[in-house]
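Structural description and commentary
Listed below, chain by chain, are the residues.
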Amino acid sequence: MRAVQLLAWQTQAQVVDVEVPVAGPGQVVIKVAGAGACHSDLHIMHMMSDGMFPWGPPFTLGHENAGWVHEIGAGVEGLSVGEPVAVHGPWGCGACSRCMAGIDQYCTDQLSAAGDGAFGGGLGLDGGMAQYMLVHDARHLVKIPGGLDPVAAAPLTDAGLTPYHAVKLSLPKLVPGSTALVIGVGGLGHMAVQFLRALTGANIIAADTRQEALDLAVGCGATSTVLTSGDDAAAQVKEATGGRGCEVVLDFVGVDATMALGVASGRQLGDLTVVGGAGGTYPMGLYTVPYEMNMRSMYWGSRSELAEVLALAARGDITVTYTEYQLENALQAYHDLEAGQVKGRAVIVP
Ligand SMILES: [Zn+2]
Ligand SMILES: [Zn+2]
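Residues numbered from 1 in each chain as written. Chains lettered and ligands numbered in written order. Predicted model: local features only at pLDDT ≥ 70, side-chain atom pairs only at ≥ 80, totals over all residues.

**Some words on the sheet that holds strand β4 (residues 59–60)**
For clarity, the cut-off: A pair of strands is labelled paired if DSSP reports no fewer than 2 bridges between them. What counts as a helix is a DSSP run of H or I of at least four residues, what counts as a strand is a run of E of at least two, and both are numbered from the N terminus.
The strand order β2-β1-β4 describes an open sheet built from 3 strands, whose pairing is antiparallel. Two strands bound the open sheet, and with one partner strand each, they are β2 (14–17) and β4. When strand β1 (residues 2–6) meets β4, the two strands line up antiparallel, connected through 2 bridges. The partner of L6 across the bridge, within β4, is F59.

**Considerations on the nonpolar core**
Put simply, the rule reads: We define the nonpolar core as any set of buried residues of the types Ala, Val, Leu, Ile, Met, Phe, Trp, Tyr and Cys, connected via C-beta atoms lying within 7 Å of each other. With C-beta atoms placed from the backbone, a residue is labelled by how many other C-beta atoms lie within 10 Å of its own: buried for 20 or more, exposed for 12 or fewer, partly exposed between the two. What fixes the domain bounds is an automatic or database domain assignment.
Counting residues in each nonpolar core, the largest one holds 110 residues, and the members touching the most others are V182 and A192. Both of domain 1 (2–143 + 320–349) and domain 2 (161–297) provide at least three residues apiece to this core.

**Digging into the domain arrangement of the chain**
The accessible area lost on association of the parts is a frequent measure of interface size. Definition in use: C-beta atoms are first placed from the backbone for all residues, and any pair lying within 7 Å is then listed as a contact. Gly is placed with the polar residues, together with every amino acid not listed as nonpolar (Ala, Val, Leu, Ile, Met, Phe, Trp, Tyr, Cys and Pro) or charged (Asp, Glu, Lys and Arg).
For the chain, the assigned domains are domain 1 (2–143 + 320–349) and domain 2 (161–297). Contacts between the two partners involve 8 residues from domain 1 and, on the opposite side, 6 residues from domain 2. Residue contributions to the side of domain 1 that touches domain 2 peak at 3 residues, all from helix α1 (residues 39–47). Grouping the amino acids of the side of domain 1 that touches domain 2 by side-chain chemistry returns 1 nonpolar, 6 polar and 1 charged.

**Comments concerning the UniProt feature "domain: Enoyl reductase (ER)" (unreviewed entry) in the chain**
Let me state the cut-off plainly: UniProt positions are given in the numbering used here, feature names are shortened, and annotations may be inferred rather than shown by experiment.
Following the UniProt record, the feature "domain: Enoyl reductase (ER)" (unreviewed entry) maps to residues 2–348 here. Structurally, residues 2–348 comprises 27% helix and 25% strand, and the distance from its first C-alpha atom to its last is 12 Å.

Here it is as structure tokens:
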């Protein structure tokens, strides 16, 4: 079969021929419906090197995946061939208290996970940018509710799940009349706007450097927008909140400038959650951020939260915007992603 593989650190991915995987005991092979292309794949390709992780290339990319059950390994129960499933992407050891709670992304014993510490399919182990994908433990699969296209479910496993987790962390502060600021309306940010709309009574301000991204945000339910190409973005956000600032800021970019915008747009007792992986920093201190502002990073979401995201999507409360690319054109998808030219999420459809 064909697969999009990273063969060495700091190289472009390549489309190559590989063997179709076989399901061992406890495992499942899925026929891939879609695999999302993520900004973190670009970071993996360009910024990583030997020794940074316990794992490395070669492996098939694609860590946001959905499809249909194709082959069921010995001992797996409760699944049937042809059934549509989404793959919960972070694969932990399965035995620690966090994995038992479904938060594999914070596994305390990752070295005991499949692949000697690999983070999951597409993150050290073979991912979904291929016709078939081996899921190393059936517990990573979440059934897709009726009415939801498995191609649309693929980006929901990361581009949906990650912003969903970010919004849920701040739910108690997002009361009616509060304001949430979403910085960066790309694959994740446009979903965050929808989750805020579906789950809270907050006003939603969307900020981006691109007007078309702001147009997308309005279509997703943003109540106001701020173009951040100028240097008065924070003043515009403050003005939109009557001078108070935002209770919750979600930064889906994560460069120095967006974190600074987040702090300047926030308020006392608020939350600033950095989701974007661009590697920026902000000097946190008693006089540099509003009092009792809670600053945090975060990574992905839990298995039960993925089921919640799929339920919201099946009910039509959220819709993921995505652009389909054929497997042979996966490199074009990454090129477009890097150039900021993808509307919503890029999804590879084998
Ligand atoms: Zn990702
Ligand atoms: Zn674990």
